[in-house]
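Topology and contacts: notes
Residues per chain, in single letters:
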Amino acid sequence: QTYGLSSSSVTITSPSDAKQEDRPLLQGRIGQFRWKQNWETVEISAPIPSGLSKIHIDVHIWRQKLCVLKCGEMWIARDLYAPISTDDSTWYITNDERNSSVSNLVIMLEKSDPAEWASLSLDATSVQDKSDRT
């Protein structure tokens, strides 16, 4: 496990590197939010209580920042590790298959450049981003 990587000690690896596609990529968790990635996308998810719907959630996706409000209050705000394509990124709410009283917020971010992210946030140290390999 790796905790709190600083941007100065991170090497971005591209899928063109030999045998990179065969190994698992980093994933992690920040509070209730879990994130995982492949070379092209980052998926972020968090449970939302029953009774909340899309009208209670406000997601703002910028080129290198993500903000999510729940019932008008800040839920998460992060500077992303690397730029994303805002036109190809989206979010939705889905039902939890294991618990029908819980739904999940899912945010799909399309990476601008295919590469492995060392964390969800640019400054993992300050946001307590816990990352590990799958």
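Residues numbered from 1 in each chain as written. Predicted model: local features only at pLDDT ≥ 70, side-chain atom pairs only at ≥ 80, totals over all residues. Heavy atoms only, no water.

1. So, the sheet that holds strand β7 (residues 73–79)
As summarised here, the arrangement of the three strands in space is β5-β6-β7, forming an open sheet in which the pairing is antiparallel. In this open sheet, the two strands that pair with only one neighbour each are β5 (57–62) and β7. Pairs of neighbouring strands in the sheet enclose a mean axial angle of 10 degrees, with direction left out of account. Where β5 meets strand β6 (residues 65–70), six bridges bridge the pair, whose relative direction is antiparallel. Each bridged residue has a counterpart across the sheet, and for H60 the counterpart in β6 is C67. (Pairing = 2+ DSSP bridges. Helix = DSSP H or I, 4+ residues; strand = E, 2+ residues; numbered from the N terminus. Axes fitted to C-alpha atoms, helices over the stretch in contact; angles between N-to-C directions.)

2. Comments concerning the nonpolar core
Judged by nonpolar contacts, the single largest core of 26 residues is most densely connected at I44, V59, V68, L105 and I107. Listed by contribution, the elements that provide at least two residues to this core are β2 (26–30), β3 (33–37), β4 (41–49), β5, β6, β7, β8 (84–95) and β9 (102–111). Setting aside residues no more than four positions away along its own chain, V59 makes contact with L66, C67, V68, W91, L105 and I107. (Core = buried A, V, L, I, M, F, W, Y, C linked by side-chain atoms within 4.5 Å. Buried < 20%, exposed > 50% of the residue type's maximum accessible area, 1.4 Å probe, protein only. Contact = heavy atoms within 4.5 Å.)

3. Focus on the pairing of β9
Counting buried positions over the 10 residues of β9 gives eight, a clear majority of the element. Pairing of β4 with β9, which is carried by nine bridges, proceeds in the antiparallel orientation. Opposite V42, over in β9, you have L109 as the bridge partner. Summarising the sheet, β8 and β9 pair through eight bridges and their orientation is antiparallel. Across the sheet, residue W91 finds its bridge partner in β9, namely I107. Here β8 hands over to β9 after six residues, the two strands then running antiparallel side by side.

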